[in-house]
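Chain residues, written in single-letter form:
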Protein chains: 2
Amino acid sequence: MREGLLSPVVVLVNPQMGENIGATARAMKNFGLDDLRLVAPRDGWPNLQAVAMASGADSILEKAQVFDTFAQAVSDCHRLYATTARSRDLRKQTFTPASAVQICLRDTDKTIRSCFVFGAERAGLDNDVIALCHGIIHIPTSPDFWSLNLAQSVLLVGYEWFQATHDTGKNPDALTNKSTQRRENHLNGEAEPASHQDMMGFFDHLESALDTKGFFFPPHKKPSMVRNLRTLFLQNPLTAQEIRTLRGVVRALSRDGEGE
Amino acid sequence: MREGLLSPVVVLVNPQMGENIGATARAMKNFGLDDLRLVAPRDGWPNLQAVAMASGADSILEKAQVFDTFAQAVSDCHRLYATTARSRDLRKQTFTPASAVQICLRDTDKTIRSCFVFGAERAGLDNDVIALCHGIIHIPTSPDFWSLNLAQSVLLVGYEWFQATHDTGKNPDALTNKSTQRRENHLNGEAEPASHQDMMGFFDHLESALDTKGFFFPPHKKPSMVRNLRTLFLQNPLTAQEIRTLRGVVRALSRDGEGE
């Protein structure tokens, strides 16, 4: 693997069975991923079933971090990918595992931390979490039979990550397209990427300012209005500077009266 | 999938636990493989554990054929690939799953039947069986932790087969197309793209609202501040609806006092 790469984070949101957490640790270790984070695991933590299943990958469980909320778990991550087996009707850029790791790799190389987000066993990820992610990884399967278990999904994403970062003879062609170019320009100089925490700070600021002004009307539509707004600003990765600019805009606009 | 392709065969040699056979059937069905053959399964056949585990992929178990010997199981196959997680010191051509499916695909196109061969859970394939195969599929894993279970190995090979035979957008070039595609879908139906006029209407609205609130300070920096803001919103093509949303945001925020 190239020097200095930030290894992507694997986040399990509300995982249920310990066995699946243990199997996830094994799948991660198979492919050199080691940063596991759990959001409110159903059966608490530590979990004996997880340890029993992880045999050989215990080190990953020992280092695993547990958080109460998704926002805490990903606060230091910059690029979030929600993994889904079903197609969702959300306006998000959708990647295959292979194309997502190419993008991650291009980004992580520049000290951007990527994060693969997996939902609970049956329910998957809820739309509010997906709305906070920059993209969706859709694992291509037969449309007749798309159900994959949690550890299998992690395995397939990890497999692609490993291949993209090691010379396995698979030949991942370097991406040289316009969007790479734009990204590189964008990332030059002072352009530190916005972290999830930066994004959430902006969303909190914007949404509470809008709330004060009665924007979310009728009230029962607020959740979907919030999701649409977040999606709009997450379509394209923003820099920390751009987020500061947007917060300045919100602050200025919500000021009462005219400026001095 | 292309017409007239012979679907590759999956052969399990001396599989032990029924659960693993059932999980293999599921992995095959995820990726459109349906020809499962078992060589002398340890616990006989049919196997209740296999059926319990295969839920949803029962059809593959029902059609599965059982043979006494490896030679019988593969008698109608033309190209045999032995799958191993460990590297073996055998003089065989070794493929990644991705490169093996490319070769299979080239061959099956010529009505040659390919076959992926998997060994028993712990022992793997014995060298005599490997010696009968045309090539070895070595699944690239971390050298520290190469152990994959049977169904996981089938899953990874099946995944590559599926991607090679379906347009899943795996090819990085296809990625651009796909994301363009998504964007175009996105822009279909109600999602009319924002015109330049829409964008300029939004910029005029935003900038004059900001002007009223004294945002552009010091005044000589206004031109570059305006350029930066415009750049931020132009990075990603927005829809006309998104522009209406943003104008609603600006309108709400710049309202004096609290909303009704």
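The coordinates are above.
Every value quoted in this text rests on a predicted model; they were computed, and no experiment measured them.

Asks: What am I meant to see in the side chain of A:Ser142 here?
Replies: Summarising the element assignment, A:Ser142 is placed in the loop between strand E7 (135-138) and helix H7 (150-165). Once you skip the residues sitting within four places of it in the chain, A:Ser142 turns out to touch B:Lys29, B:Asn30, B:Gly32 and B:Phe162.

Asks: Got a minute to help me understand the packing of helix H9 (residues 196-212) of chain B against helix H10 (residues 222-234) of chain B in this structure?
Replies: Packed helix pairs are characterised by how far apart their axes lie and by the angle those axes make with each other. Residue and element names in this part refer to chain B. In the contact formed by H9 and H10, the axes pass within 11 Å of each other and the chain directions differ by 135°. In terms of orientation, H9 and H10 fall into the oblique class. Like other packed secondary-structure pairs, H9 and H10 cross with a definite hand, here right-handed. Judged by residue contacts, Met199, Met200, Phe202, Phe203, Leu206, Glu207, Leu210 and Asp211 of H9 engage Lys222, Val226, Leu229, Arg230, Phe233 and Leu234 from H10.

Asks: How should I be thinking about the packing of helix H9 (residues 196-212) of chain A against helix H11 (residues 240-254) of chain B in this particular structure?
Replies: Direction vectors running N to C along H9(A) and H11(B) enclose 65°, while the axes themselves pass 8 Å from each other. For the element pair H9(A) and H11(B), the recorded crossing hand is left-handed. Together, A:Leu206, A:Ala209 and A:Leu210 of H9(A) and B:Val249, B:Ala252 and B:Leu253 of H11(B) make up the contact between the two elements. Here the residues of the contact of H9(A) with H11(B) sort into six nonpolar, no polar and no charged.

Asks: Looking at this structure, I do not really get unusual backbone geometry. What am I missing?
Replies: Among all residues except glycine, the phi angle is most often negative; among peptide bonds, the trans geometry is most common. In this structure, A:Pro46 follows A:Trp45 across a cis peptide bond, with omega equal to 0°. When you line up the elements, A:Pro46 lands in the loop between strand E2 (35-39) and helix H2 (48-53). Positioned with a positive phi, B:Asn14 is a non-glycine residue whose angle comes to about 50°. Structurally, B:Asn14 can be placed in the loop between strand E1 (9-13) and helix H1 (18-30). Among the residues examined, B:Asn14 registers a relative accessible area of 37% and is labelled partly exposed.

Asks: Teacher, can you tell me more about the pairing of E2(A) here?
Replies: Where a strand is regular, its side chains alternate between the two sheet faces. Residue and element names in this part refer to chain A. When you tally the buried positions in E2, you get five out of five residues, the bulk of the element. The side-chain alternation of E2 yields two buried faces, one formed by Asp35, Arg37 and Val39 and the other by Leu36 and Leu38. Of the strand pairs in this sheet, strand E1 (residues 9-13) and E2 are connected by five bridges, and their pairing is parallel. Its bridge partner being in E2, valine 9 is matched across the sheet by aspartate 35. Taken together, E1, helix H1 (residues 18-30) and E2 constitute a β-α-β crossover, and its handedness is right-handed. Bridge count between E2 and strand E3 (residues 65-67): three bridges; the pairing is parallel. For arginine 37, the partnering residue across the bridge sits in E3 and is glutamine 65.

Asks: Which parts of the structure should I look at to understand the state of the cysteines?
Replies: Cysteine pairs can be linked by a disulfide, which is a covalent bond between their two sulfur atoms. Residue and element names in this part refer to chain B. Inspection of the entire model under this criterion finds zero disulfides over all chains. Note on cysteine 104: no disulfide assigned, nearest cysteine sulfur contributed by cysteine 115 at a separation of 9.3 Å. A disulfide-free cysteine, cysteine 115 has its sulfur positioned 4.1 Å from the sulfur of cysteine 77, the nearest such atom.

Asks: Explanation requested: H11(B) in the structure shown.
Replies: In an α-helix, one full turn covers 3.6 residues, which means residues spaced three or four apart are oriented alike. Over its 15 residues, H11(B) extends 21 Å from the first C-alpha to the last, a length consistent with the 21 Å expected when each residue adds 1.5 Å. Inspection of H11(B) places B:Ala240, B:Glu242, B:Ile243, B:Leu246, B:Gly248, B:Val249, B:Val250, B:Ala252 and B:Leu253 among the buried residues, and these make up the whole buried set.

Asks: So what exactly am I meant to see when it comes to the sheet that holds strand E6 (residues 114-118) of chain A here?
Replies: All names here are of chain A. Taken in spatial order, the seven strands of this open sheet run E3-E2-E1-E6-E4-E7-E5, and their pairing is parallel. Edge positions in the sheet fall to E3 and strand E5 (93-95), since each of these pairs with one other strand and no more. Within the sheet, the average angular offset between the axes of one strand and its neighbour, ignoring direction, is 30°. Sheet analysis places strand E4 (residues 79-84) next to E7, joined by four bridges and oriented parallel. Within E7, the residue paired with alanine 82 across the bridge is isoleucine 136. Set on the sheet, H7 makes contact with E1, E6 and E7; between it and E6 the angle comes to about 155°.

Asks: Hey, could you run me through H1(B) in this one?
Replies: All names here are of chain B. In this model, H1 (13 residues) spans 19 Å end to end at C-alpha, consistent with the 18 Å of a helix rising 1.5 Å per residue. The buried count for H1 comes to 11 of 13 residues, which makes it a mostly enclosed element. Along H1, the residues that are buried comprise Gly18, Asn20, Ile21, Gly22, Ala23, Thr24, Ala25, Arg26, Ala27, Met28 and Asn30. Looking at the buried residues of H1, the elements they touch are E1, strand E2 (35-39), helix H2 (48-53), helix H3 (58-63) and helix H7 (150-165). Once H1 finishes, glycine 32 follows within two positions and takes phi at roughly 75°, a positive value.

Asks: Explanation requested: the environment of B:Phe202 in the structure shown.
Replies: All names here are of chain B. Mapped onto the elements of the fold, phenylalanine 202 is located in helix H9. With a relative accessible area of 1%, phenylalanine 202 lands in the buried category. The spacing of phenylalanine 202 and phenylalanine 233 is 31 residues in sequence and 9.9 Å in space, taken between C-alpha atoms. Apart from the residues within four sequence positions on either side, phenylalanine 202 is in contact with Phe233, Ile243, Leu246, Arg247 and Val250.

Asks: Would you mind showing me how to read the interface of chain A and chain B here?
Replies: How big an interface is tends to be reported as the loss of accessible area on association of its parts. In this complex, chain A contributes 68 residues to the contact, which on the side of chain B involves 67 residues. Contact between chain A and chain B buries roughly 5,600 Å² in total, counting both sides, with carbon and sulfur atoms accounting for 65%. On the surface where chain A and chain B come into contact, there are zero salt bridges. Counting every contact that joins chain A to chain B gives 12 residue pairs in polar contact (both at pLDDT 80 or more). Of all the secondary structure elements, the ones that give two or more residues to the side of chain A that touches chain B are H1, E5, helix H5 (97-108), H7, helix H8 (178-187), H9, helix H10 (222-234) and helix H11 (240-254) of chain A. Among the residues forming the side of chain A that touches chain B, the class breakdown is 30 nonpolar, 25 polar and 13 charged.

Thresholds, definitions, all that
- Residues numbered from 1 in each chain as written.
- Chains lettered and ligands numbered in written order.
- Predicted model: local features only at pLDDT ≥ 70, side-chain atom pairs only at ≥ 80, totals over all residues.
- Heavy atoms only, no water.
- Helix = DSSP H or I, 4+ residues; strand = E, 2+ residues; numbered from the N terminus.
- Contact = heavy atoms within 4.5 Å.
- Axes fitted to C-alpha atoms, helices over the stretch in contact; angles between N-to-C directions.
- Parallel < 35°, antiparallel > 145°, perpendicular 65-115°, else oblique.
- Left-handed = near helix turned anticlockwise from the far one by under 90°.
- Nonpolar A, V, L, I, M, F, W, Y, C, P; charged D, E, K, R; others polar.
- Buried < 20%, exposed > 50% of the residue type's maximum accessible area, 1.4 Å probe, protein only.
- Pairing = 2+ DSSP bridges.
- Right-handed = clockwise from strand over helix to strand, strands pointing away.
- Disulfide = S-S within 2.5 Å.
- Expected span 1.5 Å × (residues − 1).
- Buried area = accessible area lost by both parts, 1.4 Å probe.
- Salt bridge = Lys/Arg side-chain N within 4 Å of Asp/Glu carboxyl O.
- Polar contact = N/O pair within 3.5 Å; in protein donor to acceptor, adjacent residues only side chain to side chain.

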